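Breakdown of the fold
Here is what each chain is made of, one letter per residue.
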Amino acid sequence: QVQLVESGGGLVQAGGSLRLSCAASGSTFSSYAMAWFRQGPGKEREFVAGIRWNGGKTYADSVKGRFTISRDNAKNTVYLEMNSLKPEDTAVYYCAARRTNLVITPAEYDYWGQGTQVTVSS
């Protein structure tokens, strides 16, 4: 079992920055693909960014150049650095873990955090 706990959400003005963290339990964290998803009001959950066990990264087109995903295996933590935030980035952000390769489909993930709210005001 893996437990994921997100933190770092909040209210920020457009153009601002936030850093989300996701702390994971379990000794096999380094072998998992980790991803961030988000779900805005009335929208489906969508892929934001993912990082493979070997550090390879994938981003949604909507966040490329603004968001950066990283992981610290010694701390069992994955991060999402969000810059140049826009009102359309407002959503609940979820951390997810997958035992095998990185994919962008939410249903393929094995573990989820409880989510953290990010609100960007215009």
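Higher on the page you've got the structure.
Read on for a plain summary of the structure. (Residues numbered from 1 in each chain as written. Predicted model: local features only at pLDDT ≥ 70, side-chain atom pairs only at ≥ 80, totals over all residues. Heavy atoms only, no water.)

Some words on the pairing of strand 5 (residues 46-51)
Extensive coverage of strand 5 is indicated by the burial of five of its six residues. As defined by bridge partners, strand 4 (residues 33-39) adjoins strand 5 across five bridges and the pair is classed as antiparallel. Along strand 5, the bridge assignment pairs Trp-36 with Ala-49. Remark: six residues form the turn of the hairpin made by strand 4 and strand 5, two consecutive strands paired antiparallel; Gly-42 in that turn has positive phi of roughly 70 degrees. Count of turn residues in the strand 5/strand 6 (residues 57-59) antiparallel hairpin: five residues, of which Gly-55 carries a positive phi of about 95 degrees. (Buried < 20%, exposed > 50% of the residue type's maximum accessible area, 1.4 Å probe, protein only. Helix = DSSP H or I, 4+ residues; strand = E, 2+ residues; numbered from the N terminus. Pairing = 2+ DSSP bridges.)

Comments concerning the environment of Gly-15
Here Gly-15 shows up in the loop between strand 2 (10-13) and strand 3 (18-24). A relative accessible area of 54% means that Gly-15 is categorised as exposed. Residue contacts for Gly-15: discarding those within four places in its chain leaves Ser-84 and Leu-85. (Contact = heavy atoms within 4.5 Å.)

Digging into the packing of aromatic side chains
Counted by the stated rule, this structure contains six aromatic pairs. Judged by centre distance (5.2 Å) and plane angle (75 degrees), the rings of Phe-37 and Tyr-109 are edge-to-face. Here the residue Phe-37 occupies a position in strand 4, and Tyr-109 occupies one in the loop between strand 9 (91-98) and strand 10 (111-112), the gap between them amounting to 72 residues. The same class applies to Phe-37 and to Tyr-109, which are both buried. (Phe/Tyr/Trp six-rings, centres within 6.5 Å; stacked < 30°, edge-to-face > 60°.)

Some details on unusual backbone geometry
Residues other than glycine seldom take positive phi values, yet Asn-76 does so here, at roughly 50 degrees. The topology assignment puts Asn-76 in the loop between strand 7 (67-72) and strand 8 (77-82). You can call Asn-76 buried: its relative accessible area is 18%. The residue Ser-84 is not glycine, and still its phi comes out positive at about 50 degrees. Tracing the backbone through its elements, the reader meets Ser-84 in the loop between strand 8 and strand 9. A residue is classified by how much of its surface remains accessible, and Ser-84, at 42% relative accessible area, is partly exposed.

Everything listed is a geometric property; what it means functionally is a separate question.
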